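Survey of secondary and tertiary structure
Now for the letters of each chain:
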Amino acid sequence: MDGIRCIPVIVAGGKGRRMGEQVKKQYLMLDGLPVLVRTLKVFDRHAGLDPAILVVPEKDRSWCQKNLIQPHGFVRPIHLVSGGGTRQESVRNGIRKAESLAGDPVRTLVLIHDGVRPFVPQDLIDSLMETAVRKGGCIPVLAVADTLKQVGLDSRIQKTLNRDQVFRAQTPQVFRLDLILKAFEHAQDSGFTGTDDSSLMEHAGFAVYAIPGSAGNIKLTTPQDLEHARHILELNGRPEAQSK
């Protein structure tokens, strides 16, 4: 991928209501390190990535700089950007910052990731980037094991879905910067709100391809997820394995 840049955009604007904690979920401690710091370190240690863009609420920027970025010895600088009222607005702010840093948006990838997914495998990042260079957009997905039912508003089952054609989407999601910028512009012009970034690409008519994700690439949204994360670290046998 000679001459191709990839800029991570880490989105950490969640309020963490389902976690049931006073502290926002991205700032919760996970075996001695904040969840968000563990996530940032995954991308900081990847040699093929540009410095990350971190999107946080405006009122959290100074706190994040002082308590998350400065004390934890990141190899590369981290660009702080203020989020918006929704995740979609926050991602848009992040990719606009990426546009200002990119020399050529056609030869620049943007990697969009949830700040509360701290266990992204390095080889998954590589595979996503390689596919996005060739195809324009790529996301990781997981197969669904359970039988899926489509249920109406009256709770009556309407049909059983073919689970062989339905997958759970994860992040990071990687796109050519010029394409995702156009997708966000189209969403704004048409009033479309997507449930993830690839849905905006799809809505704009751009192809997005899927590759197998990682079962360990969990998103921390509930207390049970946090316990699962601690278990993952215990299985590693090295509590700092995901942070270095």
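Residues numbered from 1 in each chain as written. Predicted model: local features only at pLDDT ≥ 70, side-chain atom pairs only at ≥ 80, totals over all residues. Heavy atoms only, no water.

1. Brief notes about the overall build of the chain
Scanning the chain from N- to C-terminus turns up seven helices and twelve strands. The C-alpha atoms of the chain give 18 Å as radius of gyration, which agrees with the globular expectation for 244 residues (18 Å, within 12%). On the principal axes, the C-alpha backbone points of the chain span a range of 55 × 40 × 35 Å. By the burial criterion, 48% of the 244 residues in the chain qualify as buried. Put simply, 75% of the contacts in the chain that link residues at least 6 apart link residues at least 24 apart. Of the roughly 12,300 Å² of accessible surface on the chain, a fraction of 48% belongs to carbon and sulfur atoms. (Helix = DSSP H or I, 4+ residues; strand = E, 2+ residues; numbered from the N terminus. Rg over C-alpha atoms; globule rule 2.2 N^0.38 Å. Buried < 20%, exposed > 50% of the residue type's maximum accessible area, 1.4 Å probe, protein only. Contact = heavy atoms within 4.5 Å. Areas by Shrake-Rupley, 256 points an atom, 1.4 Å probe, with all protein chains shown as cover.)

2. Brief notes about the packing of aromatic side chains
We describe a pair of aromatic rings using the distance from one ring centre to the other and the angle between the two ring planes. Considering all chains together, one arrives at one aromatic pair under this definition. Plain terms: the ring middles of Tyr-27 and Trp-63 are 4.9 Å apart, the flat faces sit at 50° to each other, and that makes the pair tilted. With Tyr-27 in the loop between strand S1 (5–11) and strand S2 (29–30) and Trp-63 in helix H2 (residues 61–69), this residue pair connects regions lying 36 residues apart in the sequence. (Phe/Tyr/Trp six-rings, centres within 6.5 Å; stacked < 30°, edge-to-face > 60°.)

3. A few points about the environment of Lys-59
Take Lys-59: it is sitting in the loop between strand S4 (53–56) and H2. Distance in space between the C-alpha atoms of Lys-59 and Ala-47 is 31 Å, their sequence separation being twelve residues.

4. Digging into the confidence of the model for the chain
Confidence along the chain averages 92 in pLDDT terms, with 93% of residues attaining 70 or more. Across residues 16–20, confidence stays below pLDDT 50; counting only partners more than four residues off in sequence or on other chains, it has ten contacts. Predicted confidence for residues 239–244 stays below pLDDT 50, and this span has 19 contacts to residues more than four positions away or in other chains. (pLDDT = per-residue confidence, 0-100.)

5. Concerning unusual backbone geometry
It is generally the case that most residues other than glycine have a negative phi and that most peptide bonds are trans. A cis amide bond links Thr-171 with the next residue in sequence, Pro-172, at an omega value of 10°. Assignment of secondary structure puts Pro-172 in the loop between strand S10 (167–169) and strand S11 (173–176). Positive phi is not limited to glycine here, since Asp-31 has a value of about 50°. As for its placement among the helices and strands, Asp-31 is situated in the loop between S2 and strand S3 (33–34). When its relative accessible area of 32% is taken as the criterion, Asp-31 is described as partly exposed.

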